[in-house]
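The residues making up each chain are set out below.
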Amino acid sequence: MDAVTINRLFRKAPMWVIASHNSGKIKEIADLVRPFSIAVKGAGELSIPEPEETEKTFSGNALLKARASAKASGTVALADDSGLEVNALGGDPGIYSARWAGPDRDFQLAMRTVEEKLQASGSPDRSARFVCALALAHPDGAELVFEGEVSGHLVWPPRGENGFGYDPVFVPHGHEVTFGEMDPAAKHAMSHRANAFRKLVTTVLTP
Ligand code: IMP
């Protein structure tokens, strides 16, 4: 598909559905999209259910979620699949990052589980990265996916009240504070999600 067709299909849609029920993610994505004057709604607001994440990659799961919401809403859908990859744990929790928080979405539990596994591994390597795949799907079947990442290391105990998920244990490279302690605007400027979004902007939202 040529660049002009991509622009017309996605940029001119009257609204984008954010194919997520995670309020932290929806807020971050809405902040990223706002400067482009595209109206957004969360899938929950439109009563669109979340499909089961059956793929083995971030991109695969992002596409699966975007496709389902585009089909259900009849408009463009943007999905995010993201997670934390810890090098000493062979990339875990990875695509299972949300699932490590259990049915109650308890991220204190998820962060503690990562820390306990790191301690048990005996490795001094505390490096980790957040990865994000953003998928855009059009009800007509066109789809695009963009990946971004941010590298850093893990600290214990968790620090800071901002952000969501594993933010309180992640310190990005070149910084002293965790994403949980950082001003949200500073996180938005450097996060895995922002890096993926920059690629989306170049391809889809730049006239
Ligand atoms: P999923 O993409 O809905 O499967 O969930 C991704 C999970 O990864 C989230 O629930 C968080 O636990 C974690 N995650 C993704 N992005 C971030 C982030 O920016 N900060 C903290 N945790 C994140």
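The structure we're discussing is the one just above.
All of these numbers come straight from a predicted model, not from anything done at the bench.

**Q** What's the story with the packing of helix α2 (residues 23–33) against helix α6 (residues 192–205) in this structure? I'm lost.
**A** When two helices pack together, you describe them by how their axes are tilted relative to each other and by the distance separating the axes. Two numbers describe how α2 lies on α6: the axes approach to 11 Å, and their chain directions differ by 40 degrees. Regarding the angle of α2 to α6, the classification is oblique. Helix-helix and strand crossings are classified by hand; for α2 and α6 the assignment is right-handed. On α6, the residues that touch Lys 25, Glu 28, Ile 29, Leu 32 and Val 33 of α2 are Arg 193, Ala 194 and Phe 197. A breakdown of the residues in the contact of α2 with α6 according to their chemical character gives five nonpolar, no polar and three charged.

**Q** Explain the pairing of strand β1 (residues 15–18) here, please?
**A** On a regular strand, one side chain projects to one face of the sheet and the next to the other, so that they alternate. Here β1 shows a buried face lined by Met 15 and Val 17 and a second buried face lined by Trp 16 and Ile 18. Two strands pair when backbone bridges link them, and β1 and strand β2 (residues 39–42) are joined in this way by four bridges, in the parallel orientation. When the bridges of β2 are listed, Ile 18 appears paired with Gly 42. Where the polypeptide runs from β1 across α2 and back to β2, its parallel neighbour, the crossover connection is right-handed. Two strands pair when backbone bridges link them, and β1 and strand β3 (residues 76–86) are joined in this way by three bridges, in the parallel orientation. Residue Trp 16 lies in a different strand from β3, and its bridge partner there is Val 76.

**Q** Mind showing me how you'd approach the pattern of salt bridges here?
**A** Close approach of charged atoms allows side chains with opposite charge to pair. Summed over the entire model, instances satisfying the criterion amount to 15 salt bridges. Between Glu 85 and Arg 129 there is a salt bridge, with the nearest N and O atoms lying 2.8 Å from each other. With Glu 85 in strand β3 and Arg 129 in strand β4 (residues 127–137), the pair connects residues that are 44 residues apart, well separated along the chain. A relative accessible area of 18% places Glu 85 in the buried class. Here Arg 129 falls in the partly exposed class, since its relative accessible area comes to 25%. Of the charged contacts, one joins Glu 115 and Arg 126 as a salt bridge, the two residues approaching to 2.8 Å between their closest N and O atoms. Placement of the pair is Glu 115 in helix α4 (residues 107–121) and Arg 126 in the loop between α4 and β4, with a sequence separation of eleven residues. For Glu 115, a relative accessible area of 7% gives the class buried. One network of salt bridges, with partners in common, ties together Lys 25, Glu 28, Asp 80, Asp 167, Lys 187 and Arg 193.

**Q** Got a minute to help me understand the nonpolar core in this structure?
**A** Looking at soluble globular proteins, one finds that nonpolar side chains tend to be buried together. Core analysis: the biggest nonpolar cluster contains 24 residues, and Phe 10, Trp 16, Leu 200 and Val 204 have the highest contact counts within it. Those elements giving two or more residues to this core turn out to be α1 (3–11), β1, α2, β3, β4, β5 (143–154) and α6. Setting aside its immediate chain neighbours within four residues, Val 204 contacts Ile 6, Asn 7, Phe 10, Arg 11, Trp 16, Leu 136, Leu 144 and Phe 146. Of all hydrophobic cores here, the second largest spans 19 residues; its members include Leu 89, Leu 118, Val 150 and Tyr 166.

**Q** Sorry if this is basic, but what is going on with the site of the ligand here?
**A** In the vicinity of the ligand, 19 residues are found, and the nearest of them are Lys 25, Ser 82, Phe 107, Asp 167 and Lys 187. Within the contact set of the ligand, an oxygen atom lies 3.2 Å away from a side-chain nitrogen or oxygen of Glu 53. Between an oxygen atom of the ligand and a main-chain N or O atom of Ser 82, the distance comes to 3.0 Å. Of all the secondary-structure elements, those providing two or more residues to the shell around the ligand are β3 and α6. Tallying contributions element by element places β3 first for the shell around the ligand, with four residues. Of the residues that constitute the shell around the ligand, the class distribution is five nonpolar, six polar and eight charged.

Criteria and thresholds
- Residues numbered from 1 in each chain as written.
- Predicted model: local features only at pLDDT ≥ 70, side-chain atom pairs only at ≥ 80, totals over all residues.
- Heavy atoms only, no water.
- Axes fitted to C-alpha atoms, helices over the stretch in contact; angles between N-to-C directions.
- Helix = DSSP H or I, 4+ residues; strand = E, 2+ residues; numbered from the N terminus.
- Parallel < 35°, antiparallel > 145°, perpendicular 65-115°, else oblique.
- Left-handed = near helix turned anticlockwise from the far one by under 90°.
- Contact = heavy atoms within 4.5 Å.
- Nonpolar A, V, L, I, M, F, W, Y, C, P; charged D, E, K, R; others polar.
- Buried < 20%, exposed > 50% of the residue type's maximum accessible area, 1.4 Å probe, protein only.
- Pairing = 2+ DSSP bridges.
- Right-handed = clockwise from strand over helix to strand, strands pointing away.
- Salt bridge = Lys/Arg side-chain N within 4 Å of Asp/Glu carboxyl O.
- Core = buried A, V, L, I, M, F, W, Y, C linked by side-chain atoms within 4.5 Å.
- Near = heavy atom within 4 Å.
- Polar contact = N/O pair within 3.5 Å; in protein donor to acceptor, adjacent residues only side chain to side chain.

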